[in-house]
Amino acid sequence: MKFNKKICLGIESTAHTFGVGIVDFEGKVYSIVNDIYVPEKGGLHPVQVKEQHVNHFYEVIEKALSEANFSIRDIDLIAFSQSPGLGPVLKIGALVARMISQILKIPIVGVNHCVAHIEIGRLMCNVEDPLTLYVSGGNTIVSAFESSRYQIFGETLDLPIGNMIDSFARDAGLSHPGGPKIEKLALTSTKYLSLPYVVKGMDLSFSGLYTAAKKLIESKDFGVKYSLNDVSNSVQETCFAMLTEVTERALAHTEKTEVLLTGGVAANKRLQEMIEYISNEHNAKFAAVPLKFAGDNGAMIGWTGILRYKLEGGHEISETNIKPKERMDQITIPWRS
Ligand code: AMP
Ligand code: MG
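Just so it is clear, the model here is predicted, and its values are computed rather than measured.

### Observations regarding helix 8 (residues 269-281)
In step 1: For helix 8, with 13 residues, the first-to-last C-alpha span of 18 Å sits near the 18 Å given by 1.5 Å per residue.
In step 2: Within helix 8, burial applies to Leu271, Gln272, Met274, Ile275, Ile278 and Ser279. On an axial view of helix 8, the arc spanned by its buried residues comes to 165°, and they lie on one face. Relative to its buried face, helix 8 has exposed residues pointing more than 90 degrees away, namely Lys269, Tyr277 and Glu281.
In step 3: In the core, the buried residues of helix 8 are packed alongside strand 6 (131-135), helix 7 (228-254), strand 11 (258-262) and strand 12 (285-288).
In step 4: Here helix 8 starts with a cap whose side-chain oxygen sits 2.9 Å from the backbone nitrogen of Arg270, and that cap is Asn268.
In step 5: Phi turns positive one or two residues past the end of helix 8, at Asn283, with a value near 55°.

### A look at the pairing of strand 12
In step 1: As paired elements, strand 11 and strand 12 share 4 bridges and run parallel to each other. Each residue of the ladder has a partner; that of Leu260, found in strand 12, is Ala287.
In step 2: For the handedness criterion, the β-α-β arrangement of strand 11, helix 8 and strand 12 is classed as right-handed.

### Focus: the sheet that holds strand 12
In step 1: Taken in spatial order, the 5 strands make up an open sheet running 8-7-6-11-12, and their pairing is mixed. Bordering the open sheet on either side are strand 8 (149-155) and strand 12, each of which pairs with just one other strand. Here the average twist between neighbouring strands, direction ignored, is 20°.
In step 2: In the sheet, strand 6 pairs with strand 11 via 4 bridges, with the strands oriented parallel.

### Quick word on the side chain of Asn139
In step 1: By the secondary structure assignment, Asn139 is in the loop between strand 6 and strand 7 (140-146).
In step 2: Its relative accessible area of 19% is what places Asn139 among the buried residues.
In step 3: Sequence-distant contacts of Asn139, that is, excluding residues within four places in its chain, are made with His113, Cys114, Tyr134, Pro160 and Ile161.

### As for the domain arrangement of the protein
In step 1: If you check the domain split of the protein, you get domain 1 (7-117 + 295-330) and domain 2 (127-293).
In step 2: Here the C-alpha centroids of domain 1 and domain 2 sit 27 Å apart.
In step 3: Listed as interface residues are 17 residues of domain 1 and, on the opposing side, 17 residues of domain 2.
In step 4: Summing both sides of the interface, domain 1 and domain 2 together bury roughly 1500 Å²; the carbon and sulfur share of this comes to 58%.
In step 5: It is His117, Met328 and Asp329 in domain 1 that bury the most area against domain 2; as a group they hold 36% of the surface buried on that side.
In step 6: Taken together, the connections running from domain 1 to domain 2 amount to 1 salt bridge.
In step 7: Salt-bridge contacts for Glu155 lead to Arg327; the nearest nitrogen and oxygen are separated by 3.0 Å.
In step 8: Between domain 1 and domain 2 we count 7 residue pairs in polar contact (both at pLDDT 80 or more) in total.
In step 9: When contributions to the side of domain 1 that touches domain 2 are tallied by element, the ones reaching two or more residues are strand 3 (29-36) and helix 3 (113-125).

Calculation notes
- Residues numbered from 1 in each chain as written.
- Chains lettered and ligands numbered in written order.
- Predicted model: local features only at pLDDT ≥ 70, side-chain atom pairs only at ≥ 80, totals over all residues.
- Heavy atoms only, no water.
- Helix = DSSP H or I, 4+ residues; strand = E, 2+ residues; numbered from the N terminus.
- Expected span 1.5 Å × (residues − 1).
- Buried < 20%, exposed > 50% of the residue type's maximum accessible area, 1.4 Å probe, protein only.
- Arc of directions from axis to C-beta.
- Contact = heavy atoms within 4.5 Å.
- Polar contact = N/O pair within 3.5 Å; in protein donor to acceptor, adjacent residues only side chain to side chain.
- Pairing = 2+ DSSP bridges.
- Right-handed = clockwise from strand over helix to strand, strands pointing away.
- Axes fitted to C-alpha atoms, helices over the stretch in contact; angles between N-to-C directions.
- Domains from an automatic or database assignment.
- Buried area = accessible area lost by both parts, 1.4 Å probe.
- Salt bridge = Lys/Arg side-chain N within 4 Å of Asp/Glu carboxyl O.

Shown next as structure tokens:
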């Protein structure tokens, strides 16, 4: 079946998720399929994640096409996550995208993953020019559009927020991903134990907080004077207050009238509540990206690929090298300029 609208197949492959999303040039999403690597213990090992993606990419693509009711021949454009992320993992998405592009003779566009989180949020939440707090397993960024770019106003200096919460949860014996479990435990506690609150200028540091929280659950007082619920509550209150402080300052500085919360940690109701509160204080509209689009997915890559393609056309194959360290403020955003 050849469809009357142009279709893009987007591939996400920066970290744990190999995701495929099928999107048309007007922003309608037809399917989202993810295969997510879950470490048995410890963090993400790039070689193991790469192996998982190599073993599963084909079935993810097939499933996404079949759910969307398209054949691979219906695809007009291929987009892939070109940056930032784990090198060996980025390479798999890039290789698959280049293969499809060359076999089908269709254009290819490389996409910055962080920009894609913002663009899918703008699309899904119907916001135009938001201040964005992007909080996930691998990123912690406060950003807004200014001078042709998504400028970074604040970011983590060490651990990403999701990674810090997951690491703490793992130390406490909880399975991956720890974020939702810590949220649930924290709900039943109102006790606050003091933890390091580190905001430097507009940037954040979570490593001291992590070490202190770990010490609390290793202490002889653990289970006597306070519970895991209390430590979970204290971790959340501290790190979310840090995020809220930086987001509020960026909001006051940029005078944006919309605030967008995205990334996997955006699912957290307590964080949503805090960011919504400061948004209201500044008369800004608050929106949290729906969960399906907040975590890593191929639809955000597809949609951002479409935006760039419409303005600049496709990339040459020689321009499709992965860029594991590329920051989103290094690239221009022609569709918003
Ligand atoms: P992502 O990297 O965007 O795919 O998001 C995954 C991260 O989101 C992991 O670190 C999860 O622990 C975290 N996460 C998911 N749900 C929640 C939640 N309810 N509260 C806090 N963190 C969460
Ligand atoms: Mg992400």
